[in-house]
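Structural description and commentary
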4 protein chains.
Amino acid sequence: MSLWKALDGARVLDLAQPMRKGMPQSPNHPPFRMTLERRHGDVVRPGGGSAANEIIVTGGHVGTHVDALAHVSQDGLLHGGRPAAEVMTHEGFGELGIDAFEPYVGRCVLLDVAAVHGVPTLPAGYEVTAGDLERAAAGLELREGDALLIGTGWSRLWPSGPGAGPSGTDFTGARDGAPGPGVEAARWLAARRPRVVGGETIAFEHVPPGRGHATLPVHRIMLVESGVNIVETMRLGELLDSGAREFLLVLNPLPIAGATGAPVRPLAVLG
Amino acid sequence: MSLWKALDGARVLDLAQPMRKGMPQSPNHPPFRMTLERRHGDVVRPGGGSAANEIIVTGGHVGTHVDALAHVSQDGLLHGGRPAAEVMTHEGFGELGIDAFEPYVGRCVLLDVAAVHGVPTLPAGYEVTAGDLERAAAGLELREGDALLIGTGWSRLWPSGPGAGPSGTDFTGARDGAPGPGVEAARWLAARRPRVVGGETIAFEHVPPGRGHATLPVHRIMLVESGVNIVETMRLGELLDSGAREFLLVLNPLPIAGATGAPVRPLAVLG
Amino acid sequence: MSLWKALDGARVLDLAQPMRKGMPQSPNHPPFRMTLERRHGDVVRPGGGSAANEIIVTGGHVGTHVDALAHVSQDGLLHGGRPAAEVMTHEGFGELGIDAFEPYVGRCVLLDVAAVHGVPTLPAGYEVTAGDLERAAAGLELREGDALLIGTGWSRLWPSGPGAGPSGTDFTGARDGAPGPGVEAARWLAARRPRVVGGETIAFEHVPPGRGHATLPVHRIMLVESGVNIVETMRLGELLDSGAREFLLVLNPLPIAGATGAPVRPLAVLG
Amino acid sequence: MSLWKALDGARVLDLAQPMRKGMPQSPNHPPFRMTLERRHGDVVRPGGGSAANEIIVTGGHVGTHVDALAHVSQDGLLHGGRPAAEVMTHEGFGELGIDAFEPYVGRCVLLDVAAVHGVPTLPAGYEVTAGDLERAAAGLELREGDALLIGTGWSRLWPSGPGAGPSGTDFTGARDGAPGPGVEAARWLAARRPRVVGGETIAFEHVPPGRGHATLPVHRIMLVESGVNIVETMRLGELLDSGAREFLLVLNPLPIAGATGAPVRPLAVLG
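Owing to the predicted nature of the structure, the values given are computational and were not obtained by experimental measurement.

So, how was this worked out
Residues numbered from 1 in each chain as written. Chains lettered and ligands numbered in written order. Predicted model: local features only at pLDDT ≥ 70, side-chain atom pairs only at ≥ 80, totals over all residues. Heavy atoms only, no water. Helix = DSSP H or I, 4+ residues; strand = E, 2+ residues; numbered from the N terminus. Rg over C-alpha atoms; globule rule 2.2 N^0.38 Å. Buried < 20%, exposed > 50% of the residue type's maximum accessible area, 1.4 Å probe, protein only. Contact = heavy atoms within 4.5 Å. Areas by Shrake-Rupley, 256 points an atom, 1.4 Å probe, with all protein chains shown as cover. Pairing = 2+ DSSP bridges. Axes fitted to C-alpha atoms, helices over the stretch in contact; angles between N-to-C directions. Parallel < 35°, antiparallel > 145°, perpendicular 65-115°, else oblique. Left-handed = near helix turned anticlockwise from the far one by under 90°. Nonpolar A, V, L, I, M, F, W, Y, C, P; charged D, E, K, R; others polar. Buried area = accessible area lost by both parts, 1.4 Å probe. Salt bridge = Lys/Arg side-chain N within 4 Å of Asp/Glu carboxyl O. Polar contact = N/O pair within 3.5 Å; in protein donor to acceptor, adjacent residues only side chain to side chain. Least-squares fit on C-alpha atoms with pLDDT ≥ 70 in both. Phe/Tyr/Trp six-rings, centres within 6.5 Å; stacked < 30°, edge-to-face > 60°.

1. Observations regarding the overall build of chain A
- A count of helices and strands for chain A gives 8 helices and 19 strands.
- What you see for chain A is a C-alpha radius of gyration of 19 Å, in line with the 18 Å of a compact globule of 271 residues.
- By its C-alpha atoms, chain A is 65 × 50 × 45 Å across when sized along the principal axes.
- Burial analysis of chain A (271 residues in total) assigns 63% to the buried set.
- The long-range share in chain A, meaning contacts at least 24 apart out of those at least 6 apart in sequence, stands at 75%.
- Accessible surface, chain A as shown: approximately 8900 Å² in total, 50% of it carbon and sulfur.

Here it is, written out as structure tokens:
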């Protein structure tokens, strides 16, 4: 059967947050900015046609995005014991950059920890534990090479609309923290040997109140120790509500040569 | 059968060109720039961890990208007779922007015009005709709502490697032109009522030598008159070589709110 | 006598705030960002030489800067009743842009309102009145075409050092306001027919607590009604402390073609 | 006598080239881009007021600019034998950056080498020699700490007008070279112990045809060995035509913390 027939009637969910000026993002990264350079009517060609276009300033870890393995090092070493200095140039990473991430089209399991606790959204600063994951995974088969997402419901708090910017402070968790996996949960995930892990917060980490992104142990465990990419700032609300726990995930970050991460518009295809 | 089983063993082809400083692009759009802001070792956290990240300057029509319907107007009107002035603000387009493009996951037909002419790559400045498309479509079923790509082989000329920039002049066709559909071919495509059309050149147009992107009639026909999005600067060489003419296409441009276009990493999934 | 002899022994004060990531600025403008693209050692030429350089993202109203007359319109009209639409293109302003500002090298009078009140810095949200200016101008000659600066001491609050960013919130006055001239004071200034006026805050306005830059009446009076440019975010602390009230001012904003404002490093030369 | 009286009737010449998209610049630096973010009418405040503003992408060595001592290193060392690695961070240079350049207000001598050869503009690829400088300096007193500019007339070739971009290729000298001092002339200059040197070309170097900015020996001599800053891409045509050879120069580059260079609008004040 042809693939497009297999997909006939499938439901496709967009797992990316919209990118706009003022959206929540880490203060460590360049603020997102999109401005129209030309508007309709600015330059009208003979015949009455006109084109509009924009300039975009952003970062590789802004909006929904995938972390490349090159993003984090430990004691100067990248994944596989590769010295960062060996593969890092002023034009980016010759290895382990986001362009080395082979697009993922495959099985994904959603571990809905919010549902485990019977809430739509976990509290700010909640640490997802290995026990949470164990309970969320009950009845689900986890296979090596799968994508594993943690549902916290946090993406429901993403501010909507053009005037959304200033209220985004809470989403980042800078003040009150953000829910995410602790070290124990990260080891639980890594032990399943997934291809990629991810979630809804800006950093796939447990962020305690008032701490910000001070330390990133889960990044170290996943990217450096385990060679598992991370996808962050996903929009999972609709997916969580759908009840789907197994589905097809498409994860194809922009192939920016040598970058440590890149924006992506992940898709869930529900069978 | 679950979808990920249907995809078991499927071959996934990456249809995006890598994005790097100096890559070929239209002079009408902001030059792509990616620079590492932090490198490993710049800021070492207690414990020995370090993160690297970048700043990116780009445009919505830079690299492999999808044109939103809002990209082009004719006599002040967007698709559907919508006055551009009504939906255009300084923060982008409230309608018809790239965030209004529902991600496409569906059937795609590749019309290999290069093969029709028995060449790997059509000559610069060659106008793809309706007759070419007719011959390329022989034996293929074209359905309303499909994606239709034209193969010219032009993407084989994309410069590779970090030092590729300066030689990119020829790829843009500024001097010698670039192969693409003329008005007649565009009408042929529009009559099939596809969801999206696309190709390998920077503009999905026949660009005669020495003319540059002076007029863009195919954009008018597809975007304004027909409401059909365009994907440009695709990397189709490997796909053309594969002989596949029908496949599953995933087309999910970044959801940049109100933008006239956005970069994308399209995937072909071969059954 | 040659000019450089006249300046022999003169004291030159730098009236610009340093530009760095995270410095206080208006949320209406692009966040300042400077990143090294190449560092020493990245590209070493034969012979052992190496060059470092940066990429800069900024705005015309970021850091110490001059407002062009084109910056503000009233009822669609710029200064002199010029319809904004007539001189505004997507590439900037053909008239009244910052490149139309002839560099100023001339007499400047500092009206030290903080000293009038016997304080180093006026309180946040204080409205400078015409009476304040009258008292500050006592004994000083004001001539048509002079530059007139208002001293509030506010620039003493500019955060210093690389980690200064986050604390900048107070400087902008978003929460508690910022001292500056009200409508009455602006009319007093305009009546003196100066070439340029300016001060230490981000907007040369009285900003009441909790209001932000909601309305900008002083900008209207100076730029639109009076054709007088404004210089903002100046660093005046050292000048205020010097006791100098008349001096030579050099004001030469970057000649960015068609821009509504541009950064500047103003100099005071004390006789 | 007060300084502003001393300057009464003085002629002020603007020595900066206008900054606009497409202007000539080195391919090593970020392409200049200025785009209006808000135009008049986009956001009209209650009362009828409206403000326009822009986003600017540029580099520290784009347009008329001053090179900081931190710009160039030799064998890993900056001026004074300072290891680059010691003062270089990801946020810029803690020492020897452009913010360490004390604004210059002082005597300047123009060495008009074009006049020595009886031409308005020296030929592309001409190497200015020590003998040329000696002849140009005849009758002029050169003092330690002066600014010394070399007149080649090259700035007369700067393309004018908005559509000037593409023709800028020749100005950079990438193909045919650009006139400037060779090693011998640089040593002659350095021996005069000036505060700053400069000229009209993009690099203050002799650029032979077809070589581009391959090696930069004059930068090494001035910046690294002699601790003398360089100002480049100056607009000297009007000054050359004026016949003035001694004048007051104001050189106040933007104080971008830690940058290797910064744009400037230099002024010549003729007595």
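This is not the end of the story, as more comes after the structure.
2. Side note on the environment of C:Leu157
Residues and elements named next belong to chain C.
- By the element assignment, Leu157 lies in the loop between strand E13 (147-151) and helix H5 (169-172).
- By relative accessible area, Leu157 is classed as partly exposed at 43%.
- Sequence separation between Leu157 and Arg235 is 78 residues; the distance between their C-alpha atoms is 9.9 Å.
- Residue contacts for Leu157: discarding those within four places in its chain leaves Thr121 and Phe171.

3. Some remarks on the sheet that holds strand E18 (residues 261-263) of chain A
Residues and elements named next belong to chain A.
- Read from one edge to the other, the open sheet built from 9 strands follows the order E1-E19-E17-E11-E13-E15-E16-E5-E18, with strand pairing classed as mixed. Of all the strands in the sheet, just strand E1 (11-14) and E18 have a single pairing partner and so form its edges. Averaged over neighbouring strand pairs, the angle between their axes works out to 25° when direction is ignored.
- Relative to strand E17 (residues 246-251), strand E11 (residues 104-112) is paired through 6 bridges, and the arrangement is antiparallel. Of the residues in E17, the one forming a bridge with Arg107 is Leu248.
- Contacts from helix H7 (residues 217-225) reach strand E5 (65-67), strand E15 (196-198) and strand E16 (229-232), with the element oriented near 135° to E16.

4. Considering unusual backbone geometry
- The phi dihedral of B:Arg193 is positive, around 55°, even though this residue is not glycine.
- Inspection of the secondary structure puts B:Arg193 in the loop between helix H6 (183-191) and strand E13 (196-198).
- One non-glycine residue with positive phi stands out, namely C:Thr233, at about 60°.
- Note on placement: C:Thr233 falls in the loop between strand E16 (229-232) and helix H8 (237-242).
- Note on C:Thr233: relative accessible area 2%, which makes it buried.

5. A word on the packing of helix H6 (residues 183-191) of chain D against helix H7 (residues 217-225) of chain D
All names here are of chain D.
- For the pair H6 and H7, the least separation of the axes is 8 Å and the interaxial angle reads 20°. One element, H6, and the other, H7, form an angle in the roughly parallel class. Between H6 and H7 lies a crossing whose hand is right-handed. Along its contact with H6, which presents Val183, Ala186, Arg187, Leu189 and Ala190, the element H7 presents Pro217, Val218, Arg220, Ile221, Met222 and Glu225.
- Looking at the contact of H6 with H7 residue by residue, the classes come out as 8 nonpolar, no polar and 3 charged.

6. Considering the interface of chain D and chain B
- At the interface, 12 residues of chain D touch 12 residues of chain B.
- Considering only the surface of chain D that becomes buried against chain B, D:Pro31, D:Arg33 and D:His90 emerge as the three largest contributors, covering 60% of it.
- For the pair chain D and chain B, the number of links is 0 salt bridges.
- Our count for the contact surface shared by chain D and chain B stands at 2 residue pairs in polar contact (both at pLDDT 80 or more).
- When residues in the side of chain D that touches chain B are grouped by element, the largest group, 3 residues, is from strand E2 (residues 33-38) of chain D.
- Residues that form the side of chain D that touches chain B fall into these classes: 5 nonpolar, 3 polar and 4 charged.

7. Notes on the relation of the copies chain D and chain B
- When chain D is fitted onto chain B, the two copies agree to an RMSD of 0.0 Å after a turn of 180° and an axial shift of 0.0 Å. In symmetry terms, the pair is related by a two-fold rotation axis. Among all residues of chain D, the one whose C-alpha sits closest to the rotation axis is D:Pro31, at a distance of 3.5 Å.
- Comparing contact sets, 100% of the residues at the interface of chain D also lie at the interface in chain B, consistent with an isologous, same-surface contact.

8. Let's talk about the sheet that holds E13(B)
Residue and element names in this part refer to chain B.
- Here 9 strands make up an open sheet; going across it, the order is E1-E17-E15-E9-E11-E13-E14-E5-E16 and the pairing mixed. Since the sheet does not close on itself, it has two edges, and those belong to strand E1 (11-14) and strand E16 (261-263), each with one partner. Neighbouring strand axes in the sheet, compared pairwise and without regard to direction, differ in orientation by 25° on average.
- Both strand E15 (residues 246-251) and strand E17 (residues 267-270) contribute to a ladder of 3 bridges, which runs antiparallel.

9. Looking at the pattern of salt bridges
- Per the counting criterion, the structure on display carries 72 salt bridges over all chains.
- In this structure, the salt-bridge partner of C:Arg175 is C:Asp176, at a minimum N-O distance of 3.0 Å.
- With a relative accessible area of 35%, C:Asp176 lands in the partly exposed category.
- We note a salt bridge from D:Asp146 to D:Arg107, for which the minimum N-O separation is 2.5 Å.

10. Quick word on the relation of the copies chain B and chain A
- With an RMSD of 0.0 Å, the fit of chain B onto chain A corresponds to turning through 180° and sliding 0.0 Å along the axis.
- Same-surface contact between copies: 100% of interface residues of chain B are shared with the interface of chain A.

11. Description of helix H7 (residues 217-225) of chain B
All names here are of chain B.
- Looking only at H7, the buried set comprises Val218, His219, Ile221, Met222, Leu223 and Val224.
- Looking at the buried positions of H7, the neighbouring elements they touch are strand E5 (65-67), strand E6 (72-74), strand E12 (180-181), H6, E13 and strand E14 (229-232).
- Just beyond H7, the residue with positive phi is Gly227, at close to 65°.

12. Things to note about the pairing of strand E11 (residues 104-112) of chain D
Residue and element names in this part refer to chain D.
- In terms of residue burial, E11 counts as a mostly covered element, since 9 of its 9 residues are buried.
- Of the pairings in the sheet, the one linking E11 to strand E13 (residues 147-151) comprises 5 bridges and is parallel in character. The residue of E13 that forms the bridge with Leu111 is Ile150.

13. Describing the environment of C:Arg20
- Along the chain, C:Arg20 falls in the loop between strand E1 (11-14) and strand E2 (33-38).
- With 14 residues separating them along the chain, C:Arg20 and C:Met34 place their C-alpha atoms 7.0 Å apart.

14. Some thoughts on the packing of aromatic side chains
Residues and elements named next belong to chain A.
- For the structure shown, the criterion picks out 8 aromatic pairs over all chains.
- Judged by centre distance (5.1 Å) and plane angle (85°), the ring pair of Trp158 and Phe171 falls under edge-to-face. Taken together, the residues span a long stretch of sequence, with Trp158 in the loop between strand E13 (147-151) and helix H5 (169-172) and Phe171 in helix H5 at a distance of 13 residues. With respect to burial, Trp158 and Phe171 carry one shared label: buried.

15. A word on the interface of chain B and chain A
- Counting residues at the interface gives 86 residues for chain B, matched by 87 residues for chain A.
- In this assembly, chain B packs against chain A so that about 6800 Å² is buried in total across both faces, 62% of it on carbon and sulfur atoms.
- Sorting the residues of chain B by area buried against chain A places B:Leu3, B:Trp4 and B:Arg265 first, and these three jointly supply 12% of that buried surface.
- In this assembly, chain B and chain A are joined by 2 salt bridges.
- Of the charged contacts in the structure, one is a salt bridge between B:Glu91 and A:Lys21, with a shortest N-O distance of 3.0 Å.
- Linking chain B with chain A are 31 residue pairs in polar contact (both at pLDDT 80 or more).
- The greatest single-element share of the side of chain B that touches chain A, amounting to 7 residues, is contributed by strand E4 (residues 53-59) of chain B.
- The residue inventory of the side of chain B that touches chain A, partitioned by class, reads 45 nonpolar, 27 polar and 14 charged.

16. Brief notes about H6(B)
- Where H6(B) is concerned, the buried positions are B:Ala185, B:Ala186, B:Trp188, B:Leu189 and B:Ala190.
- B:Arg193 sits one or two positions beyond H6(B) and adopts a positive phi of about 55°.

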